Amino acid sequence: MTRPRKLFVKSYGCQMNVYDSHRMADTLAPEGFVETTTADDADLVILNTCHIREKAAEKVYSELGRLRLLKNSARTQGRKLTIAVAGCVAQAEGEEILRRAPMVDLVFGPQSYHRLPDLLARAERDGRAIDTEFPAETKFDFLPAAAGDKVRARGVTAFVTIQEGCDKFCTFCVVPYTRGAESARPVARIVAEVERLAACGVREVTLIGQNVNAFHGEDIDGSTCPLGRLLRRLAEISGIARLRYTTSHPRDIDGDLIETHRDLNALMPQLHLPVQSGSDRILKAMNRRHTADDYRRVIERLRRAQPALAVTSDFIVGFPGETDADFEATLRLIEDVGFMTAFSFKYSPRPGTPASELADQVPESVKSERLQQLQALILRQNARFQRDCLGRLFDVLFEKPGRHAGQIVGRSPYLQPVQVLGPETLIGEIRPVRITDAGPNSLFGVVCAPPHERQHDTACLAATGA
Ligand code: 5AD
Ligand code: SF4
């Protein structure tokens, strides 16, 4: 019998990549690959890359430098280490990676990973291989997940890709170029995957996609299914207690989705809704196709439907032409909306995107200063959000043992880690927890019995404007 080959997949960037990495491992399992947690003893290393901002691509090249040494030392031991670059940097840079990084054997884009066994064979036969085509068929049709086997649950929570690609063409963003046009998975496949995950003990599913609320998948009866309907359908699956979705675009929040936030207990009261800027001039230049007030209004409608809703967002500072006044409009929006937390980035020109060619690029020092100011405001809002959790009763889904004996860790409806003293038999269970202490990143509490009836403590945490 041949020795199983070891596979190490390193993911960069978003949850979509983490999901893709798992599916790559699933695709390679029938080929005799078992996963390992380090590159040191691997036969195949796949870097599943992200191209969204500059540093992400730089990190890949420096990781490749380290892998070159590993490949050389494997060779001196008579072993072959195959190095593959996947994901969005692979899609965007293609041949350039093979030129710049001679140690790389295989380059493939996000549309190709279902062809991995074949690509590996090609790389072995021809020395190197590259596949960055956008094929007419969708990879969703070829995944083991879709074929009905090999979906492995890796805990009590799971991510499920329901949609990929983006047609929005924000002028700063590479996603429409690296991930291609929007394509949705058929409902039957999503339901089947979630049913399998539930059968493996998964209690919480996060639906993911670059523009997940643009989801319009083909339903079983041939009609088009919007996200709200899909969420309601998935909530019926026995064992599934919690649902989330990410990442969304403000323009694609429709009435049905807002009602789903109102009516569906399983849908957690937390929403990641990137806005990027609070200045209408900049939003226009970004081709976001909504104003700051449109954003305020959509949040207002969502909060009317679900008063417990906490909102998180993404911001870019220093977009070309951003003035002090534009930046102040962003700070005002943050103050008006009140975020649980947010990701914020300095604008980074991405090759091939319209904004990278604009005159009026903002100096690095101004970007840094604005980023600091914005992050300080978000931090204050987040500290207030954490503080407001004190004394509340949260349903907590327990996920794993804690670091200390007798401790277990779960997640609140807001995804905050919650630590309690309790038996490991609670892992996979949802219990009400009274919050007794709130740190910047974690909550601490005591498990209460009997289970309370309400899913969310709706009295809490509406606006957290600082
Ligand atoms: N520069 C800085 N941030 C960016 N993002 C996307 N493209 C860029 C860029 N060119 C940020 C946006 C997006 C998040 C995933 O990454 O805020 O919502
Ligand atoms: Fe990129 Fe999101 Fe805009 Fe699509 S909607 S282009 S993924 S920022």
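Residues numbered from 1 in each chain as written. Chains lettered and ligands numbered in written order. Predicted model: local features only at pLDDT ≥ 70, side-chain atom pairs only at ≥ 80, totals over all residues. Heavy atoms only, no water.

**Q** What's the story with the overall build of the protein in this structure? I'm lost.
**A** Within the protein one finds 14 helices and 21 strands. On C-alpha atoms alone, the protein measures out to a radius of gyration of 23 Å, which is about the 23 Å that the 2.2 N^0.38 rule sets for 466 residues. For the protein, the spread of C-alpha atoms along the principal axes amounts to about 65 × 60 × 50 Å. Excluding contacts between residues fewer than 6 apart, the proportion of contacts in the protein whose partners are at least 24 apart in sequence is 72%. Accessible surface, the protein as shown: approximately 20,000 Å² in total, 51% of it carbon and sulfur. Separation between the mean location of the 61 positive side-chain charges and that of the 60 negative ones in the protein comes to 3 Å. (Helix = DSSP H or I, 4+ residues; strand = E, 2+ residues; numbered from the N terminus. Rg over C-alpha atoms; globule rule 2.2 N^0.38 Å. Contact = heavy atoms within 4.5 Å. Areas by Shrake-Rupley, 256 points an atom, 1.4 Å probe, with all protein chains shown as cover. Lys, Arg positive; Asp, Glu negative; His and termini not counted. Charge placed at Lys NZ, Arg CZ, Asp CG, Glu CD.)

**Q** What should I look at first to understand the packing of aromatic side chains in this one?
**A** Geometrically, a pair of aromatic rings is defined through the distance of the ring centres and the angle of the planes. Enumeration according to the criterion identifies six aromatic pairs in this entry. With a centroid separation of 5.6 Å and 85 degrees between ring planes, the pair formed by F315 and F339 is classed as edge-to-face. Of this pair, F315 sits in strand 15 (residues 310-317) while F339 sits in the loop between helix 13 (324-337) and strand 16 (341-346), and the two are 24 residues apart along the sequence. There is no split in this pair, since F315 and F339 are both buried. Between F385 and Y414 the ring centres are 5.3 Å apart and the planes differ by 85 degrees, which places this aromatic pair in the edge-to-face class. With F385 in helix 14 (residues 364-388) and Y414 in the loop between strand 18 (407-411) and strand 19 (417-421), this residue pair connects regions lying 29 residues apart in the sequence. On the accessibility criterion, Y414 (2% relative accessible area) is buried. Ring-pair connections join several aromatic residues into one group, and the members of that group are Y295, F315 and F339. For the cation-ring pair, R53 lies above F345, with the distance from its terminal atom to the ring centre recorded as 3.6 Å. Its end group placed over the ring of Y61, R100 keeps NZ or CZ at 3.6 Å from the ring centre. (Phe/Tyr/Trp six-rings, centres within 6.5 Å; stacked < 30°, edge-to-face > 60°. Buried < 20%, exposed > 50% of the residue type's maximum accessible area, 1.4 Å probe, protein only. Lys NZ or Arg CZ within 6 Å of the ring centre and 35° of its normal.)

**Q** When you look at the site of ligand 1 in this model, what are you seeing that I'm missing?
**A** Residues in close proximity to ligand 1 include I52, R53, F172, Q276, D314, I316, F345, K346, Y347, S348 and R350, which together make up its full environment. Contact distances for ligand 1 include 2.7 Å between an oxygen atom and a side-chain N or O atom of R53. Breaking the shell around ligand 1 down by element, the ones donating at least two residues are strand 15 and strand 16. (Near = heavy atom within 4 Å. Polar contact = N/O pair within 3.5 Å; in protein donor to acceptor, adjacent residues only side chain to side chain.)

**Q** Would you take a moment to explain helix 12 (residues 292-305) for this structure?
**A** One turn of the α-helix equals 3.6 residues, which is why residues spaced by three or four share an orientation. Here helix 12 spans 20 Å end to end across 14 residues, near enough to the 20 Å set by a 1.5 Å rise per residue. Tucked inside the fold, the buried residues of helix 12 contact helix 10 (255-263), strand 14 (270-272), helix 11 (280-285), strand 15 and helix 13. (Expected span 1.5 Å × (residues − 1).)

**Q** What should I look at first to understand the pairing of strand 1 (residues 5-11) in this one?
**A** Two faces make up the sheet, and in a regular strand the side chains alternate between them. Across three bridges, strand 1 lies against strand 2 (residues 33-35) in parallel orientation. In the sheet register, R5 faces strand 2, and the bridge partner there is F33. In this fold, strand 1 hands off to helix 1 (residues 15-28), which returns the chain to strand 2; that crossover is right-handed. Pairing of strand 1 with strand 3 (residues 44-49) involves five bridges; the strand directions are parallel. Directly across from V9, in strand 3, lies its bridge partner I46. (Pairing = 2+ DSSP bridges. Right-handed = clockwise from strand over helix to strand, strands pointing away.)

**Q** Help me understand the sheet that holds strand 3 in this model?
**A** Through backbone hydrogen bonds, the strands of a sheet pair up, either in parallel or in antiparallel fashion. Strands sit in the order 2-1-3-4-5-6 across an open sheet of six strands; the sheet is parallel. Looking along the sheet, the strands with just one partner apiece sit at the ends: strand 2 and strand 6 (129-131). Sheet twist, expressed as the average angle between the axes of neighbouring strands with direction ignored, equals 20 degrees. Against the sheet, helix 2 (residues 54-76) contacts strand 1, strand 3 and strand 4 (82-86), and its axis sits at roughly 175 degrees relative to strand 3. (Axes fitted to C-alpha atoms, helices over the stretch in contact; angles between N-to-C directions.)

**Q** In this structure, what is going on with the site of ligand 2? I would like to understand it.
**A** In the vicinity of ligand 2, the contacting residues are C166, K168, F169, C170, F172, C173, V175, P176, H249 and R288. The residue makeup of the shell around ligand 2, split by class, is seven nonpolar, one polar and two charged. (Nonpolar A, V, L, I, M, F, W, Y, C, P; charged D, E, K, R; others polar.)

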